[in-house]
Amino acid sequence: MIATEDKRSEYPSDLADLRRIPLADMPMLSEDVLNSALRRLVPAPLTGQVPVAAFNSSI
Amino acid sequence: MGLPALPLRQFVLKVHSRCDLACDHCYVYQAADQSWRGRPMAMSGETIAWTVQRIAEHAKAHQLAAVRVVLHGGEPLLAGPARLRLVAETLRAALAGVCDLDLRIHTNGVLLDEEFCELFAACGVGVGISIDGYRAANDRHRRFADGRSSYDEVVRAIGLLRAPRYRHLYAGLLCTIDVANDPIAVYESLLELAPPRIDFLLPHATWDEPPARPPGAATAYADWLIAIFDRWLAGGRPVGVRTFDSIISTAYGGDSLTEALGLGPSDLVVVETDGSYEQADSLKAAFDGAPATGFDVFTESLDTVGQHPGILARQQGLAGLCETCRACPVVTSCGGGLYAHRYRTGTGFANPSVYCADLLKLISHVHSRTRRPARGSVQPAPAGAAAASPAYAVPAAEFRALAAGFGAASAIGHLAETQDSMRRALLSAVYQAATAVPGAATIPGAAALDLPAAWGLLTRIDQSSPQVLADVLAHPYVRVWAARCLEQLRMPPGERARSAPGLAADLGHLGAIAAAAAIRAGVGARVTIPVLDGAVYLPTLGRLVVGPVKPPSDGEPRLAPAAAQAPVLATLTFEAALVTVQTPGGLYELSGPDLVTGGPGSRDADAGTAWQPVRSLTAPGISVTLEDTDPYRDCHQWPAAPRLTGAELASWQHAFGVAWAEIRQLHSKYAPGLAAGLHAITPLSAAPAGRDVSATVRQAFGAVAAALPDDQATLALLLIHEFQHVKLGAVLDLYDLYDAADNRLFHAPWRDDMRPLEGLLQGTYAHVAVTDFWRARRTAASGPAAETAGARFAHWRDQTAGAIESLAASGSLTPLGEQFIDGMRGSIAAMLAEPVPASQPLSASQPGTGG
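Peer 1: In this structure, what is going on with the overall build of chain A? I would like to understand it.
Peer 2: The helix and strand inventory of chain A stands at 1 helix and 1 strand. Residue burial in chain A is summarised as follows: out of 59 residues, 53% are buried.

Peer 1: Whenever I open this one, the sheet that holds strand β12 (residues 525-530) of chain B confuses me. Can you help?
Peer 2: Across a sheet, strands are paired by hydrogen bonds formed along the backbone, either parallel or antiparallel in direction. All names here are of chain B. Read across the sheet, 4 strands follow the order β12-β15-β16-β17 without closing on themselves; strand pairing throughout is antiparallel. Each having just a single partner strand, β12 and β17 (586-591) make up the two edges of the open sheet. Across this sheet, the average inter-strand angle for adjacent strands is 20 degrees, counted without regard to direction. With 6 bridges connecting them, β12 and strand β15 (residues 569-575) associate as antiparallel partners. From the neighbouring strand, Arg 526 faces β15, where its bridge partner is Thr 573. The sheet strands contacting helix α21 (residues 503-521) are β12, β15 and β16 (578-583), and the helix crosses β12 at an angle near 145 degrees.

Peer 1: Teacher, can you tell me more about the interface of chain B and chain A here?
Peer 2: How big an interface is tends to be reported as the loss of accessible area on association of its parts. Listed by partner, the interface residues are 90 residues for chain B and 47 residues for chain A. It is helix α16 (residues 409-435) of chain B that contributes the most residues to the side of chain B that touches chain A, 12 residues altogether. In terms of strand pairing, strand β1 (residues 10-16) of chain A meets strand β11 (residues 391-395) of chain B through 4 bridges, oriented antiparallel. By the bridge assignment for β11 of chain B, Tyr 11 of chain A is matched with Val 394 of chain B.

Peer 1: Hey, could you run me through the environment of Val 70 of chain B in this one?
Peer 2: Of note, Val 70 of chain B is situated in strand β2 (residues 66-72). Look at Val 70 of chain B and you get buried, because 26 C-beta atoms sit within 10 Å. Placed 57 residues apart in sequence, Val 70 of chain B and Val 127 of chain B show a C-alpha to C-alpha distance of 9.6 Å. In this structure Val 70 of chain B touches Phe 55 and Ser 58 of chain A together with Val 12, Arg 104 and His 106 of chain B, once residues within four positions along its chain are discounted.

Peer 1: Could you clarify how one ought to interpret helix α7 (residues 220-234) of chain B in this entry?
Peer 2: Since the α-helix advances by 3.6 residues per turn, residues separated by three or four positions end up pointing in the same direction. Residues and elements named next belong to chain B. Taking 1.5 Å of rise per residue, the 15 residues of α7 would be expected to cover 21 Å, and the 21 Å separating its terminal C-alpha atoms lies within 8% of that figure. What α7 keeps buried is the set Tyr 221, Ala 222, Trp 224, Leu 225, Ile 228 and Phe 229. Projected down its long axis, α7 shows its buried positions confined to an angular sector of 160 degrees, all on one face. The inward-facing, buried residues of α7 contact α6 (183-191), β6 (197-201), α8 (242-251) and α13 (356-369). Positive backbone phi, at 75 degrees, marks Gly 236, one or two positions downstream of α7.

Peer 1: Please clarify how the environment of Gln 30 of chain B should be interpreted in this entry.
Peer 2: Residues and elements named next belong to chain B. As for its placement among the helices and strands, Gln 30 is situated in the loop between β1 (10-14) and α1 (45-61). C-beta crowding within 10 Å serves as the criterion here: with 15 such atoms nearby, Gln 30 is assigned to the partly exposed category. C-alpha of Gln 30 to C-alpha of Ala 285: the two residues are 255 residues apart in sequence and 8.6 Å apart in space. The contacts of Gln 30, once residues within four sequence positions are left out, are Asp 24 and His 25.

Peer 1: What is the right way to read α21 of chain B from this model?
Peer 2: All names here are of chain B. Along its 19 residues, α21 runs 28 Å from first to last C-alpha, staying within 8% of the 27 Å computed at 1.5 Å per residue. Among the 19 residues that make up α21, 19 are buried, leaving the element largely enclosed by the rest of the structure. Downstream of α21 by one or two residues, Gly 522 has phi in the positive range, about 70 degrees.

Peer 1: What's the story with unusual backbone geometry in this structure? I'm lost.
Peer 2: All names here are of chain B. With an omega dihedral of 20 degrees, the bond running from Gly 73 to Gly 74 counts as a cis peptide bond. Looking at where Gly 74 falls in the secondary structure, it is placed in the loop between β2 and α2 (80-95). Unusually for a residue other than glycine, Ala 576 sits at a positive phi of about 50 degrees. Considering the arrangement of structural elements, one finds Ala 576 in the loop between β15 and β16. Residue Ala 576 is classed as exposed on the basis of its 6 C-beta neighbours within 10 Å. With a phi close to 70 degrees, Ala 577 is a non-glycine residue in the positive phi region. Within the secondary structure, Ala 577 sits in the loop between β15 and β16. Taking the number of C-beta atoms within 10 Å as the measure of exposure, Ala 577 has 13 and is therefore partly exposed.

Peer 1: So what exactly am I meant to see when it comes to the environment of Pro 815 of chain B here?
Peer 2: With respect to the helices and strands, Pro 815 of chain B occurs in helix α28 (residues 815-832). As for Pro 815 of chain B and Tyr 738 of chain B, which are separated by 77 residues in sequence, their C-alpha atoms are 8.6 Å apart.

Peer 1: Help me understand the sheet that holds strand β13 (residues 535-538) of chain B, please; the structure alone is not making it clear to me.
Peer 2: Residue and element names in this part refer to chain B. Strand order in the open sheet formed by 3 strands is β13-β14-β18, and the pairing between neighbours is antiparallel. At either margin of the open sheet sits one strand with a lone partner, and together these are β13 and β18 (611-613). Mean inter-strand twist for the sheet, computed between neighbouring axes without regard to direction, equals 15 degrees. As defined by bridge partners, strand β14 (residues 542-545) adjoins β18 across 3 bridges and the pair is classed as antiparallel. What sits directly across from Leu 544, in β18, is Trp 611.

Peer 1: Would you mind going over the packing of α6 of chain B against α7 of chain B with me for this structure?
Peer 2: Packed helices, taken two at a time, are described by their axes: the angle between them and the distance between them. Residues and elements named next belong to chain B. The N-to-C vectors of α6 and α7 enclose an angle of 50 degrees; their axes lie 8 Å apart at closest approach. By the angle between their directions, the pair α6 and α7 is classed as oblique. For the pair α6 and α7, the sense of crossing is right-handed. Packed against α6, whose contacting residues are Pro 183, Ile 184 and Tyr 187, the element α7 presents Trp 224, Ala 227, Ile 228 and Arg 231 at the interface. Residue composition of the contact of α6 with α7, grouped by class: 6 nonpolar, no polar and 1 charged.

Peer 1: Looking at this model, I keep getting lost on the pairing of β1 of chain B. Mind explaining?
Peer 2: Each regular strand displays side chains that alternate between the two surfaces of the sheet. Residues and elements named next belong to chain B. Summarising burial for β1: 5 of the 5 residues are buried, a large majority. Neither face of β1 is exposed, since Gln 10, Val 12 and Lys 14 on one face and Phe 11 and Leu 13 on the opposite face are all buried. As judged from the 5 bridges shared by β1 and β2, these two strands associate in the parallel manner. Residue pairing in the sheet places Val 12 in a bridge with Val 70 of β2. In this sheet, strand β8 (residues 268-271) lies alongside β1 in parallel orientation, the contact comprising 4 bridges. Across the sheet, residue Leu 13 finds its bridge partner in β8, namely Val 271.

Peer 1: Mind showing me how you'd approach the confidence of the model for chain A here?
Peer 2: A low pLDDT means the predicted coordinates there should not be read in detail. Chain-level pLDDT for chain A is 71 on average; 66% of the residues reach the 70-or-more range. In this model, residues 45-51 of chain A is a region of pLDDT below 50 whose contacts with residues beyond four sequence positions or in other chains number 23 contacts.

Criteria and cut-off values
- Residues numbered from 1 in each chain as written.
- Chains lettered and ligands numbered in written order.
- Predicted model: local features only at pLDDT ≥ 70, side-chain atom pairs only at ≥ 80, totals over all residues.
- Helix = DSSP H or I, 4+ residues; strand = E, 2+ residues; numbered from the N terminus.
- Buried ≥ 20, exposed ≤ 12 C-beta atoms within 10 Å, placed from the backbone.
- Pairing = 2+ DSSP bridges.
- Axes fitted to C-alpha atoms, helices over the stretch in contact; angles between N-to-C directions.
- Contact = placed C-beta atoms within 7 Å.
- Expected span 1.5 Å × (residues − 1).
- Arc of directions from axis to C-beta.
- Parallel < 35°, antiparallel > 145°, perpendicular 65-115°, else oblique.
- Left-handed = near helix turned anticlockwise from the far one by under 90°.
- Nonpolar A, V, L, I, M, F, W, Y, C, P; charged D, E, K, R; others polar.
- pLDDT = per-residue confidence, 0-100.

If you want it as structure tokens, here you go:
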């Protein structure tokens, strides 16, 4: 295979930089953001959670 | 209604329609809708059966991963244990193998007793309790019909849930706001009840029936909540508060945790005691009949209900809001507030919330207080930082250097930064999964773990000493632990019970991580820690031997500490520089500062104490942890060695010093990367045949494991070889270089067995460096040593070149993967151009090969 000249200045990943998110807020990140961090590490869907807004009158 | 209907995933079952309290602020009985008067008191067996069938068929048809069911009322405990058992068991049976079930009950607690708690423990039912604060605050509204206080009964019920046997059932507390109550006193009184989470509810109101406000206090509800928020924030967020967490989450681009906030679609339906489907019951506050759909479980499916205009209206996000809301700067967090609170006769629900001014003030305040400066920067991150968080990018020059097989300190630094984010996400995911109700209820032994305390401690250290926490989390085997926990937590409960009986002990390690960070940061702590293999282990610090220490393995590597249904627990307290560890067998006291600095109090157990500190290997320009205490280090292809004796440590130190000198002198292109990214060396037990063994695992970024070889040059080769795997593993954490769905096996010249594509890629990348090692050695050596090195160089460059072409021909590389292969090919091409003597036979076993 002949290498194609690559003039990019950087190689972006889909992994979001989460270092500025306080740890206390991490459980509230969207599933997309979390999956971008975890999908290659533990390749399975995040399941078992009901991600939408919960019933107001219970906790 | 531009958007299609979503599947319904939350089901509120009104199992009983009456209540044993007569709270004067109750929306069920005191609001506009009075439909309860015509309904049966309790849900019948037939209605239960139909309801469960509808939920199961809906979950199956939409392939839902999970549903949440809330047993509600009235007062659901009035339904009695037998009826509640029928509901819970019927639900669990119908949904087994279909989807996960998050089953909860919300009660006033008055009737809660051990019989109910045993039932909920058996059926995995989380329990939420309503209480409005301290005694006088609670009794302002929450009284029996005869005026008696309910406070003592409710606190008694909460006490039951706080008992170790039932603590895993304790879902949280709901508090309805009355601005006449002292907000801080309310908050503190709830905090004393040690709930896992709290929520403060705005009393239901509409533009027709506005909420009570003190004269001149236009934002009394915001002011009340802001007082609590500030105390909560200053206290390090000691408990989840759903309203505050939702505002923060939505500001970061995440989901709201409550239907009262955010733009997320509602996927909720209520089933009344007579089997009628209703919309959210908060609509009872709007007008008589407002929640009705006209459908019931006997005749209509949940898909039909999902098409009801009232359900659809609450799934439209921004488009479903009035013009005022759509133009509001905080609409993402507010979402127009609770749907019922928007109602006004004439315009219906096309209005801002009657709490609009309060919500605007509260949300603006929370946003302003939760911005966080970037590490090492004084610039504030914008609100919504998570949504806008930049994706990582590796500069092209550094990516190409990595692809060629090298990578300077800056390239390794880029990879390490990405690991930081992944570790935080992993840690959070483990905590979320471990504490999900009723997930925790299904883990034997987990009820005794106080994971919220450990998590709370971690979040406080993250606020006060973020670099200390980052350093502890960067210990390579923290990620090994976290990934293992998450994999186990994601198993279906039945498989988890079979395959991960020691999960509770694993989860308890969260407390050990928090304790290590607290001791390093000088933050007071009290956490529960498992005793693993006879020791209490503190990552990055060492272990306290409290019993007979088992060898790390009995000849076979294993991925976790020995399985145990109920872990042995220790309580670690750190206060006034003193670390106290209470185990079932005794009390141990250690100096916290000495553990961190290696002072006199951290002497090795060999010297007569129970403490075994983590030790280091050092050489000019490098210092690495010699990891021989971490219980999660025994995760490699080869078994980990037991704790090294002093003499063994000295041998390692000598070999490391000589090997490092060779790396700096002969293989200098690899030295900066190693110095920057090699954090730990884990001694392995020598292989029986005496061959050299070394290993890495993908989850342990920064760690290389090896048995001490006979000569130092081989150690240099093992370190270079294995660190190639570390680098490539981190690249693969960041980029997709190949099609992960390709499950073919490939021949690898250095292995007897066939390898998957990633294995071939890893081995090839390592052998680019192996070839380069022998290239340098043949140049530096003379005589027979040079001849041997030359032969190995010639052999491995040909084999590696062939492997590169196998990868290229696989057809499964991504465009970026092809570029990465090009980098390796370029390095080997330069070596192929070098003249070599006629080929010589090679021994079957060569050092530094494999992978």
